[in-house]
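Chain by chain, the residues run as shown.
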Amino acid sequence: TATVIPGHGKSDFVDEIVLRLCTRQDWRAGYFSPENTPIEYHHAKLAEKLLGHRFRKDFSTEEEFARVVDYLSQRVWHILPDGDFTLGNVLSKARELVHRHGIRVFVIDPYNYINHQIPAGMTETGYIGSFMNSLARFARLNSCLVILVAHPRKTGDKKRIDADDVGGSGDITNRADNVFLVERV
């Protein structure tokens, strides 16, 4: 789980981790990232991280441009289910990426885009525990690292956040294997 105040680089940090896994471990990645649309925009951001400079045809040689486009098309896939952003549907589409393309890392960015359907009589904490269990089960059954990007809840005048500030419930951070707090300084 990665969290920080909006605009401080959660998605950029996660993209960097994903690309390092792709380049150093030859992993493939899948994203559910409705904030990173159109997909070409997200691919350009990823390409800039790979190249270390702006990604446009006038900033790259034709060979470099083609090489990066080819690399990303073989290692990074996006899903954007037709308006059905329930966890079950998102994980079903992610499972397809595992079987079709062999993804080893799946990113949900951000948590608040999932259409959360809390059953009647269930507390938010109970629901989030179930949600996190579903992610853990998906990861285990598909040999896949799952990265969840979560926004902090309103922090008022607080200058720095901590794990307790993750939006939703403390159960997100309590059940995560790792929690990264990203902050621009």
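The rules behind these values
Along each chain, numbering runs from 1 in the same order as the chain's sequence is written. Side-chain atom pairs in this predicted model are given and counted only at pLDDT of 80 or more, local residue features only at pLDDT of at least 70, and totals for whole chains, interfaces and linings cover all residues. Only hydrogens and water are removed before side-chain values are computed, so all heavy atoms of the structure are retained for them. In this description, a nonpolar core means a group of buried Ala, Val, Leu, Ile, Met, Phe, Trp, Tyr and Cys residues linked to one another through side-chain atoms lying within 4.5 Å. Only protein chains enter the calculation, and the probe is 1.4 Å; a residue is then buried if its accessible area is under 20% of its type maximum, exposed if over 50%, and partly exposed in between. Working definition: helices are DSSP H or I runs of at least four residues, strands are E runs of at least two. Numbering for both runs from the N terminus. Here, residues are in contact when the closest pair of their heavy atoms is within 4.5 Å. At least two bridges found by DSSP between two strands are what make those strands a pair. Lines fitted to C-alpha atoms define the axes, with helix axes restricted to the stretch in contact, and inter-axis angles between N-to-C directions lie between 0 and 180 degrees. Each angle receives one of four descriptions, namely roughly parallel if under 35 degrees, roughly antiparallel if over 145, roughly perpendicular if within 65 to 115, and oblique otherwise. Left-handed describes a crossing in which the near helix is turned anticlockwise from the far one by less than a right angle; the clockwise case is right-handed. Each helix should span, by expectation, one fewer than its residue count multiplied by 1.5 Å. Comment: arc refers to directions from the helix axis out to C-beta atoms. Ring pairs are drawn from Phe, Tyr and Trp, using the six-membered ring of Trp, whenever the two centres fall within 6.5 Å, and their geometry is named by plane angle: stacked under 30 degrees, edge-to-face over 60, tilted for the rest.

Asker: Run through the nonpolar core, naming residues and quoting values.
Answerer: Among the nonpolar cores identified, the biggest contains 27 residues, and Phe106, Phe131 and Leu135 are the most heavily contacted of them. Of all the secondary-structure elements, those providing two or more residues to this core are β3 (76–79), α4 (87–101), β4 (105–108), α5 (124–142) and β5 (145–148). Beyond its immediate chain neighbours, meaning those up to four positions away, phenylalanine 106 contacts Gly30, Tyr31, Phe32, Ile79, Val90, Leu91, Ala94, Phe138, Cys144, Leu145, Val146 and Ile147. Cys22, Ala47, Val68 and Val76 belong to the second-largest nonpolar core, a separate cluster that totals 18 residues.

Asker: Could you give me a rundown of the sheet that holds β5, with the residues and numbers involved?
Answerer: Across the sheet, 4 strands lie side by side as β3-β2-β4-β5; this open sheet has parallel pairing. With one partner strand each, in any of the chains shown, β3 and β5 form the two edges of the open sheet. Averaged over all neighbouring strand pairs, the angle between strand axes comes to 20°, with direction disregarded. Here 4 bridges tie β4 to β5, and the two strands are oriented parallel to one another. Its bridge partner lying in β5, phenylalanine 106 is registered against valine 146. Packing of helix α3 (residues 62–75) onto the sheet brings it into contact with β2 (29–32) and β3, and relative to β3 it is tilted by some 60°. Packing of α4 onto the sheet brings it into contact with β2, β3 and β4, and relative to β3 it is tilted by some 155°.

Asker: How would you summarise the environment of isoleucine 118 if you had to cite specific residues and measurements?
Answerer: When you line up the elements, isoleucine 118 lands in the loop between β4 and α5. For isoleucine 118, a relative accessible area of 41% translates into the label partly exposed. When the C-alpha positions of isoleucine 118 and isoleucine 128 are compared, they lie 8.8 Å apart, and in sequence the two are 10 residues distant. Isoleucine 118 has contacts with Thr123, Glu124 and Tyr127, leaving out every residue within four places of it along the chain.

Asker: Before we move on, can you summarise the packing of α4 against α5 with the specific residues and values?
Answerer: Packing of α4 against α5 leaves a shortest axis separation of 11 Å and a crossing angle of 10°. Taken together, α4 and α5 sit at an angle that is classed as roughly parallel. Here α4 runs over α5; the crossing is right-handed. Contact residues: α4 offers Leu87, Leu91, Ala94, Arg95, Val98 and His99, while α5 offers Phe131, Ser134, Leu135, Phe138 and Asn142.

Asker: Now, about α3: what can you tell me, with residues and values included?
Answerer: Taking 1.5 Å per residue, 14 residues should reach 20 Å; α3 reaches 20 Å between its end C-alpha atoms and fits that length. For α3, every residue scored as buried is listed here: Glu64, Val68, Leu72 and Arg75. The arc that holds the buried residues of α3, viewed along the axis, is 80°, so those residues lie on one side. For α3, the exposed residues lying more than 90 degrees away from the buried face are Glu62 and Glu63.

Asker: Tell me about the packing of aromatic side chains, and name the residues and values.
Answerer: For the structure shown, the criterion picks out 5 aromatic pairs. Considering the side-chain rings of phenylalanine 106 and phenylalanine 138, the 6.1 Å spacing of their centres and the 55° angle between planes classify their relative orientation as tilted. Placement of phenylalanine 106 in strand β4 and of phenylalanine 138 in helix α5 is noted, with a sequence separation of 32 residues between them. In textbook terms, an aromatic cluster arises when at least three aromatic residues are bridged by ring pairs, as seen for Tyr111, Tyr127 and Phe131.

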